[in-house]
Amino acid sequence: MVTIRVDEKACVGCALCVDECPTDVFTFDEKKRLPVVEKPEMCFGCLSCSKICPADAIEHEGIKVSTNFYHDAYALNMAAKLGLAEELETGVTSEEADRKRAVDDLGIRLLSIASVLRQTLGNALPAVGRMAGTTLAAQLPRYQMPASFDEAIQVVRDSLNPAWIIGETTRSNESLKLKVEGCFVRDLCKKEGLELGGDLCILFGTYLLGYLGKVTKSRLRLMNTAQGWKECTYDLEVHT
Amino acid sequence: MKVTISTEWLSGCSGCHIALVDLHEKLLSLLEEAQIVRSPVLIDEKGYPHATVGIVEGAVRSEHDKHALLKMRESVDKLVAFGTCAVYGGPSGIGWLYSRDQVLDAAYEQGPTNAGGERPDAEAPALENSVRPIDEYVDVDLYLPGCPPHPFFVAAGLRKLADDSRPGLTHRSVCADCERKMEKRQGVQLRPAAVAGDDPDLCFLSQGIVCLGSVTLNRCMAPCPKIGVACTGCAGPAIDVLTDPQRDLRSELALRMEKLCGIPRSEIIAYLEKNANTFYAYAMSSPALYKKPTVELREWAGPSAVA
């Protein structure tokens, strides 16, 4: 049984919850200018009323909040430390198991998206990866825009962690050797029993290069690449 | 053991320190339980003595701010981000849109009131790359947004920090304390740049005036709408805007406003985006806001910020 509580002190009497509820749980008391929870048994916990409420005055008890995986950890941490009286109904835990499930869930979709992209785009797949990487790098906060090449490598290292863990980089004149130690695509391939170097690997490999190129403000040419279960290496030619 | 309090003031206006003093008699009862060991506005103490609770006001803008913040974190057990600047970056967060050079240039060289001036490099501490809220540098134990936070919430928040079993703060929005009547109207025109309405008892949204009350966390007891001025969102985003990535200040506000006054949602959103510098003024430099997939602050701010 769902219990719905309306904080009568906080309620502003706009009656938006009455309009919004898909199952007509509420009626409106015109005299008191307050919503009345008439049929709580009809509530299926969509939280439309709670979300439309300007004062955030409606609370539910006994509903199952669906877990969604797309919440920002930074914002959740902040919300938890606002010193609130009760816990929030975000339906999210930051437990390791939940995060693993999120990655698995997303991974399967990514694999199928990559193969569809390959079928429709053919050899243009690497260009798409690069473009996506460049676009993301353009959204970096201003203060993270690095001054030197080494600083740029550090920014890339920090901002891509933990999806990619970039190991040693060696640079001499125009060549750059990049070692990628941890990679979420590799973990996914391992789990699904796939070969390395598949469509998703190419898509995100070029994505990484597009990102790196934009942050270091240089044109990168891929000369050679080697995939391995421990680490992948990229040999690049750098033109600044 | 007696609770000891240490406070520090970074890039802020000192208003939050004044808000602490505004606890009035509550401050006296606070002083019975707690001892203030460091506070720039109350005590002449230049060092960083150990304290159980540290209160930090203001965002991190200069190298000195960063130094002071790290010192504070070392010297206190529990750190409170006090006021919107410390929590979200505050109004000076607009610096997030521009590079350090652009900011210094506008302030000291090209600005209309100081043609051909020089940048102070020896007298003033150098600026950091950008304005950032304090939790990008250190861990924070309690966030108390507000510009400044109302003494009621300050007292409740500090009590909650000292003893977790005490009742905490509400997650209601500013509307919860506002006394205006929200009514559905039709045929209302959007009134750009208006902050005060004709009807003193009717909700601003019903009158076609953009008021950020419903998307702002209540840490203020709604003083502005009570005296007839629309809310500017000084305590930062409300809980649903903060925690849901796809919910944003402008989408939430437009949704409610459309239902209350009949102005098309797209018109309201376009207006908010055009004036994003105003409506996002207090929380612009916080990752909680600018990392949202729907927020394109640089785009909205125009070419000078995008360059």
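Computed from a prediction, not measured in an experiment: that's the story for all the values here. (Residues numbered from 1 in each chain as written. Chains lettered and ligands numbered in written order. Predicted model: local features only at pLDDT ≥ 70, side-chain atom pairs only at ≥ 80, totals over all residues. Heavy atoms only, no water.)

### Some remarks on the overall build of chain B
Scanning chain B from N- to C-terminus turns up 14 helices and 7 strands. In terms of C-alpha radius of gyration, chain B reaches 21 Å, essentially the compact-globule figure of 19 Å for 307 residues. Projecting the C-alpha coordinates of chain B onto the three principal axes gives extents of approximately 60 × 55 × 35 Å. Within chain B, counting contacts between residues at least 6 apart in sequence, those at least 24 apart form 68% of the total. Carbon and sulfur atoms make up 54% of the accessible area of chain B, which totals about 13,400 Å². Here chain B holds 32 positive side-chain charges and 40 negative ones, and the gap between their average locations is 6 Å. (Helix = DSSP H or I, 4+ residues; strand = E, 2+ residues; numbered from the N terminus. Rg over C-alpha atoms; globule rule 2.2 N^0.38 Å. Contact = heavy atoms within 4.5 Å. Areas by Shrake-Rupley, 256 points an atom, 1.4 Å probe, with all protein chains shown as cover. Lys, Arg positive; Asp, Glu negative; His and termini not counted. Charge placed at Lys NZ, Arg CZ, Asp CG, Glu CD.)

### Observations concerning unusual backbone geometry
Cis geometry is adopted by the peptide bond preceding Pro148 of chain B, which originates at Cys147 of chain B and carries an omega value of -10°. Topologically, Pro148 of chain B is positioned in the loop between β7 (142–144) and α6 (151–162). The backbone of Asp24 of chain A shows a phi angle near 55°, a positive value even though the residue is not glycine. The exposure class of Asp24 of chain A is partly exposed, given its relative accessible area of 45%. (Buried < 20%, exposed > 50% of the residue type's maximum accessible area, 1.4 Å probe, protein only.)

### Notes on the side chain of Thr216 of chain A
Residue and element names in this part refer to chain A. Positionally, Thr216 belongs in helix α8 (residues 199–216). Taking relative accessible area as the criterion, Thr216 reaches 9% and is therefore assigned buried. Only 2.7 Å separates the side chain of Thr216 from the backbone oxygen of Leu212, close enough to count as a polar contact. In this structure the side chain of Thr216 is engaged in a polar contact, spanning 3.4 Å, whose partner is the backbone oxygen of Gly213. Dropping the residues within four chain positions of it, Thr216 is found in contact with Phe149 and Ala152. (Polar contact = N/O pair within 3.5 Å; in protein donor to acceptor, adjacent residues only side chain to side chain.)

### As for the sheet that holds strand β5 (residues 164–172) of chain A
All names here are of chain A. Taken in spatial order, the 4 strands of this open sheet run β5-β6-β8-β7, and their pairing is antiparallel. Only two strands of the sheet have a single neighbouring strand rather than two, namely β5 and β7 (219–226). On average, each strand axis in the sheet is inclined to that of its neighbour by 25°, with strand direction left out of account. As paired strands, β5 and strand β6 (residues 175–183) are joined by 7 bridges and run antiparallel to one another. Bridge pairing in β6 links Arg171 to Leu176. (Pairing = 2+ DSSP bridges. Axes fitted to C-alpha atoms, helices over the stretch in contact; angles between N-to-C directions.)

### Things to note about the interface of chain B and chain A
Facing the 57 residues of chain B at the interface are 42 residues of chain A. Interface of chain B and chain A: buried area, both sides summed, is about 4,100 Å²; carbon and sulfur atoms make up 55% of it. A salt bridge links Glu59 of chain A to Arg172 of chain B; its shortest N-O distance comes to 3.1 Å. Counting across the interface, chain B meets chain A through 19 residue pairs in polar contact (both at pLDDT 80 or more). Of all the secondary-structure elements, those providing two or more residues to the side of chain B that touches chain A are α4 (84–88), β6 (127–132), β7, α8 (239–243), α9 (249–261), α12 (287–290) and α14 (303–306) of chain B. (Buried area = accessible area lost by both parts, 1.4 Å probe. Salt bridge = Lys/Arg side-chain N within 4 Å of Asp/Glu carboxyl O.)

### Things to note about the nonpolar core
Core analysis: the largest hydrophobic core is formed by 96 residues, its most contacted members being Phe26 of chain A together with Ile134, Val210, Tyr280 and Leu297 of chain B. No other element matches α9 of chain B, which puts 7 residues into this core. Among residues more than four places away in sequence, those in contact with Tyr280 of chain B are Asp248, Leu249, Arg250, Leu289, Val295, Leu297 and Trp300 of chain B. Ala152, Trp164, Leu212 and Val215 of chain A belong to the second-largest nonpolar core, a separate cluster that totals 35 residues. (Core = buried A, V, L, I, M, F, W, Y, C linked by side-chain atoms within 4.5 Å.)

### Quick word on the sheet that holds strand β3 (residues 51–57) of chain B
Residue and element names in this part refer to chain B. Read from one edge of the open sheet, 5 strands run β2-β1-β3-β5-β7, paired in parallel fashion. Each edge of the open sheet is held by one strand with a lone partner, namely β2 (34–38) and β7. Direction aside, neighbouring strands of the sheet carry axes that sit 30° apart on average. Of the pairings in the sheet, the one linking strand β1 (residues 3–9) to β3 comprises 5 bridges and is parallel in character. Bridge pairing in β3 links Ser6 to Gly54. Sheet strands touched by helix α2 (residues 25–33): β1 and β2. Its angle to β2, the strand with the most contacts, is close to 90°. Those strands touched by α6 are β3, β5 (76–82) and β7, and its axis lies near 180° from that of β7.

### A short note on the domain arrangement of chain B
Residues and elements named next belong to chain B. Partitioning chain B into structural domains gives domain 1 (3–162) and domain 2 (174–306). Here domain 1 and domain 2 have C-alpha centroids that lie 26 Å from each other. With 22 residues of domain 1 in contact, the opposing surface of domain 2 contributes 24 residues. When domain 1 packs against domain 2, the two sides together hide about 2,000 Å² of surface, and 64% of this comes from carbon and sulfur. (Domains from an automatic or database assignment.)

### A short note on the domain arrangement of chain A
Looking at the assigned domains, one finds that chain A contains domain 1 (3–66) and domain 2 (98–239). Centre-to-centre separation of domain 1 of chain A and domain 2 of chain A, based on C-alpha positions: 47 Å.

### Side note on the packing of aromatic side chains
With the rule as written, the count across this model stands at 9 aromatic pairs over all chains. Geometrically, the ring pair formed by Phe184 of chain A and Phe204 of chain A is edge-to-face, given 5.2 Å between the ring centres and 75° between the ring planes. Here the residue Phe184 of chain A occupies a position in helix α7 (residues 184–192), and Phe204 of chain A occupies one in helix α8, the gap between them amounting to 20 residues. Of the residues examined, Phe184 of chain A reaches a relative accessible area of 22% and is grouped as partly exposed. Plain terms: the ring middles of Tyr280 of chain B and Trp300 of chain B are 5.5 Å apart, the flat faces sit at 50° to each other, and that makes the pair tilted. Remark: Trp300 of chain B occurs in helix α13 (residues 297–301) and Tyr280 of chain B occurs in the loop between α11 (276–279) and α12; sequence separation between them is 20 residues. Among the residues examined, Tyr280 of chain B registers a relative accessible area of 1% and is labelled buried. (Phe/Tyr/Trp six-rings, centres within 6.5 Å; stacked < 30°, edge-to-face > 60°.)

### Quick look at the pattern of salt bridges
Overall, the coordinates contain 29 salt bridges over all chains when judged by the stated rule. Notably, a salt bridge pairs Glu136 of chain B with Arg132 of chain B, separated by 3.2 Å at the nearest N-O pair. When the shortest N-O distance is used, the salt bridge between Arg166 of chain B and Asp163 of chain B registers 3.8 Å. Residues joined by salt bridges that share partners form a network here, namely Lys51 of chain A together with Asp240, Asp244, Arg247, Glu252 and Arg256 of chain B.

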